Amino acid sequence: FRAWEAAAAGLPGLLAARNVRTVVSELPTTPAPSVWIAALQGDERRLERAYSLLSFLSHSFVWGEEPTATALPRQLAVPWCAVAEETPLKRRPVLTYASFNLFNWRRIDPAAPVALGNTARSLNFLGGQDEEWFSAVHVAIEARAGEAVVAAAEAQRLSVGLATPAEAVGGRGGPASPA
C-alpha cells in the first residue's frame, strides 16, 4: 500500500504538472492477488482504502493527461480488479460515490460530531476549497441521513410494538409488519 499511498498523496501536483502517468508507470507490480488479498479479507476499512487509492490513481491515469488513456497499466489494473471483487458489494473497478465521498474523509476534531467544518478529504484530485466542500456537504448530508434512518426505525419499532430496532427494519426474516 505504501507506494499507492505515496502516489495518491501527490495527485494534485502530478495532475497539475500533467505527470501522473510517469509516476504510475513506476509503481511496483504487485504479486499475484492470491498472495496479498487474504491480508485484506475481513478488514473492510483497509479494503475500502485500497479500493479508493486504486480508484483515484486509475482515474487520474486515464483522465489526467492528453490524450485520454484507453488502458490501464498492469500495476493498477490487476490489483484494482482484485480489490473490487473483494469489496462487500463486489463493486466494479470504477470510482464510485462511496470511494469518492463516503470512504474518503476524516474528522478534523475526532471528539466533535460529523458536520460541515469538521471533515477533511483523505484523497483529492486537484485539491482546493471547491473539492473539499463538494465532499464535505455530501458527508454532512449522509451523517444526518444516518440519524434519520435510526429515528425512522425506532419510530416503526414503537408503532408496531417490536422489541428491537433491528426487527423494525425487517430483522425477523422479512419486512416488519404489525402483528
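I will try to describe carefully the structure that is included in this document. Keep in mind it's a predicted model, so treat the numbers as computed, not measured.

The rules behind these values
By convention here, each chain's residues receive numbers from 1 onward along its written sequence. Reporting of local features is limited, given that this is a predicted model, to residues whose pLDDT is at least 70; pairs of side-chain atoms are given and counted only at 80 or more, and all residues count toward the totals for whole chains, interfaces and linings. For side-chain calculations, the full set of non-hydrogen atoms in the structure is used, while hydrogens and water are omitted. Each helix corresponds to a stretch of at least 4 residues labelled H or I by DSSP, and each strand to a stretch of at least 2 residues labelled E; elements are numbered beginning at the N terminus. Think of it in three bands: residues with accessible area under 20% of the maximum for their type are buried, residues over 50% are exposed, and the middle band is partly exposed, with areas taken using a 1.4 Å probe on protein chains only. Any pair of residues with heavy atoms lying within 4.5 Å of one another is described as a contacting pair. Accessible areas in this description were obtained via Shrake-Rupley with a 1.4 Å probe; residue shielding takes into account the shown protein chains only. Expected span of a helix, by definition, is 1.5 Å for each gap between consecutive residues, and there is one gap fewer than residues. Only buried residues count toward a nonpolar core. Its members are Ala, Val, Leu, Ile, Met, Phe, Trp, Tyr and Cys residues joined through side-chain atoms within 4.5 Å. Between the rings of Phe, Tyr and Trp (Trp by its six-membered ring), a pair exists once the centres lie within 6.5 Å; its type follows the angle of the planes, with under 30 degrees stacked, over 60 edge-to-face, and the other angles tilted. For a lysine, the NZ atom is tested; for an arginine, the CZ atom; a charge sits over a ring if that atom is within 6 Å of the ring centre and within 35 degrees of the ring normal.

## Considering the overall build of the protein
Here is step 1: Within the protein one finds 9 helices and 2 strands.
Here is step 2: In sequence order, the protein lays out its α and β elements as α-α-α-α-α-α-α-β-β-α-α.
Here is step 3: Counting all 179 residues of the protein, 37% fall into the buried class.
Here is step 4: Considering only contacts within the protein whose residues lie at least 6 apart along the sequence, 59% involve residues at least 24 apart.
Here is step 5: Carbon and sulfur atoms form 60% of the exposed surface of the protein, whose accessible area is close to 10,200 Å².

## Here's the deal with helix H8 (residues 129–160)
Here is step 1: The first and last C-alpha atoms of H8 sit 46 Å apart over 32 residues, in line with the 46 Å expected at 1.5 Å per residue.
Here is step 2: Those residues of H8 that fall on the buried side of the exposure criterion are Glu-131, Ser-135, Ala-136, Val-139, Ala-140, Ala-153 and Arg-157.
Here is step 3: Immediately beyond the C-terminal end of H8, within one or two residues, lies Gly-161, with a positive phi of roughly 70 degrees.

## Details of the nonpolar core
Looking at soluble globular proteins, one finds that nonpolar side chains tend to be buried together.
Here is step 1: In terms of nonpolar packing, the biggest core is built from 29 residues, with Trp-4, Leu-57 and Val-83 touching the most fellow members.
Here is step 2: For this core, the elements supplying multiple residues, two or more each, are helix H1 (2–9), helix H2 (11–16), helix H3 (20–25), helix H5 (44–63) and helix H6 (74–86).
Here is step 3: Those residues in contact with Trp-4, other than ones at most four positions away along the chain, are Leu-27, Thr-30, Trp-36, Ala-50, Leu-53, Leu-54, Leu-57, Gln-75 and Pro-79.

## A few points about the packing of aromatic side chains
Two measures describe an aromatic ring pair: the distance that separates the ring centres and the angle between the ring planes.
Here is step 1: Taken as a whole, this structure holds 4 aromatic pairs when the rule is applied.
Here is step 2: On the numbers, 6.2 Å between centres and 20 degrees between planes, the contact of Phe-100 with Phe-125 is stacked. Taken together, the residues Phe-100 in helix H7 (residues 97–102) and Phe-125 in the loop between strand E2 (119–121) and H8 connect sequence positions 25 residues apart. The exposure classification of Phe-100 matches that of Phe-125, with both residues buried.
Here is step 3: By the ring-pair criterion, three or more aromatic residues cluster together here, those being Phe-56, Phe-100, Phe-125 and Phe-134.
Here is step 4: When the ring centre of Phe-61 is taken as reference, the NZ or CZ atom of Arg-21 above it lies at 5.5 Å.

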